[in-house]
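So you can see what is in the structure, the chains are spelled out below.
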Amino acid sequence: MNILLTGGMGYIGSHTATLLLNMGHQLHIYDNLCNSNIDTLDRIKKITSKEVGFTQGDIRDTKKLTEVLINEKIDAVIHLAGLKAVGESTQKPIEYYANNVQGSISLIQAMQAANIRTLVFSSSATVYGDPIYLPYDEEHPTSPTNPYGRNKLQIEEMLLDLANSDNTWSIARLRYFNPVGAHESGLIGEDPNGIPNNLMPVIGQVVDGRLPMLNIFGDDYDTPDGTGKRDYIHVMDLAEGHLAALTWLKGNLGCHTFNLGSGNSVSVLELLHCFENISGNKIPYQVVARRPGDLPEYYAKADKAAKILGWQTKRNLTDICNSSWLWFQNSKNKKST
Ligand code: NAD
Ligand code: UDP
């Protein structure tokens, strides 16, 4: 298949790119590099020994996007481009709506113009909001608690309206849980610009000395060790989820929703101790106040993806920590050369 990957230079996109190329697909990445680096393209090529097309552009540039879709003879789109920092979305909501919602409208218009009707969209477990029950299944009510989550839900709803209005579309809305880990080569991983928000990149910055210690946001939750619990999913498992969805969509019309998670939750301290054991590093930490808006625990019911897509996670917490540790060491070497 000829696939367009929006946001393909980012964390999840670059890992997905390596998998799709290794599975023999042709790939074109469309990214404005607002949260990624052009070097990633060479690393994707190095990992796969394959050519990959790239256009630097904004998804809101409908004309440019349409030209790429037509010129590259694209069959299907995986749409990952977007701004993703929950905290920032509360500070700059209009920027988030413009980039994420308006950007997705632009992409759909470009796809309509280019007559492409297969789309995989990266949504998030954030759309569920406060759990009424756990694990979240796909039928759990949606009630996101921040602008980022509302962006994702609005895009999801728009895609459902689109599929209801035009039965030629095949759409998968993938609700990711907590992507972590890195490619087994250690050549690509997550390295966000500025001060990270998410747990594993913070640990990475403590390891390389950019941050003095990890702040654990609360140890008084109603969980066995008091720290928050999340459903961490290895980024290469997530990449495989995209491939499974894309393959399944080939024979299925309509708009479909899938949780992509492991079905288990792990606490901050459990993840930290696993990382310390694997890396041999002691990670200094202090317990601070709860982060506003954090939930004590959430995790996925991932049965639907297993049953329909034939997909489930294969990698465990040890694999996650091993690959992260390899990536942190490689990126540290890179920064010091
Ligand atoms: P990322 O920031 O590493 O990658 C996103 C990429 O999109 C970046 O390369 C960025 O330059 C590009 N981009 C952003 N706005 C763009 C625009 N207007 N035009 C073109 N390119 C643009 O983020 P990621 O972690 O790889 O996330 C990918 C997708 O998955 C996002 O949509 C995110 O909301 C979603 N998601 C991520 C997580 C997570 O924890 N990482 C969880 C759930 C969902
Ligand atoms: N967390 C933490 N310190 C940090 C970052 C995160 O204690 O510097 C905790 C956070 O409170 C949550 C878990 O780690 O319990 C995962 O947080 P992350 O931001 O990675 O994911 P999200 O909360 O968005 O699911």
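Whatever comes next refers back to the structure up there.
The sections below set out a description of the structure shown in this document. None of these values were measured; they are calculated from a predicted model. (Residues numbered from 1 in each chain as written. Chains lettered and ligands numbered in written order. Predicted model: local features only at pLDDT ≥ 70, side-chain atom pairs only at ≥ 80, totals over all residues. Heavy atoms only, no water.)

So, on to the sheet that holds strand β1 (residues 2-6). The seven strands are arranged β3-β2-β1-β4-β5-β6-β11 in an open sheet whose pairing can be described as parallel. Both edges of this open sheet fall to β3 (53-56) and β11 (254-260), since each of them pairs with a single strand only. Within this sheet the neighbouring strands show an average axis-to-axis angle of 20°, counted without direction. Seen against the sheet, helix α1 (residues 11-22) touches β1, β2 (26-31), β4 (76-79) and β6 (170-176) and runs at an angle of roughly 170° to β1. Contacts from helix α8 (residues 235-249) reach β1, β4, β5 (118-124), β6 and β11 within the one sheet, and its direction differs from that of β6 by about 160°. (Pairing = 2+ DSSP bridges. Helix = DSSP H or I, 4+ residues; strand = E, 2+ residues; numbered from the N terminus. Axes fitted to C-alpha atoms, helices over the stretch in contact; angles between N-to-C directions. Contact = heavy atoms within 4.5 Å.)

A word on unusual backbone geometry. Cis geometry is adopted by the peptide bond preceding P135, which originates at L134 and carries an omega value of -5°. For P135, the location among the structural elements is in the loop between β5 and α6 (147-165). One non-glycine residue, L33, lies in the positive phi region at around 65°. You can see L33 is positioned in the loop between β2 and α2 (39-48).

Turning our eyes to something else, we now look at the site of ligand 1. Residues in close proximity to ligand 1 total 26 residues, the closest being D31, N35, S36, K84 and Y148. The contact in question runs from an oxygen atom of ligand 1 to an N or O atom on the backbone of I12, over 2.8 Å. In this structure, an oxygen atom belonging to ligand 1 sits 2.8 Å away from a side-chain N or O atom of K84. The fraction of the free accessible surface of ligand 1 (820 Å²) that becomes covered by protein chains is 95%. Those elements giving two or more residues to the shell around ligand 1 turn out to be α1, β5 and α6. Take the shell around ligand 1: its biggest share by element is three residues, from β5. Here the shell around ligand 1 is built from residues that sort into eleven nonpolar, eleven polar and four charged. (Near = heavy atom within 4 Å. Polar contact = N/O pair within 3.5 Å; in protein donor to acceptor, adjacent residues only side chain to side chain. Areas by Shrake-Rupley, 256 points an atom, 1.4 Å probe, with all protein chains shown as cover. Nonpolar A, V, L, I, M, F, W, Y, C, P; charged D, E, K, R; others polar.)

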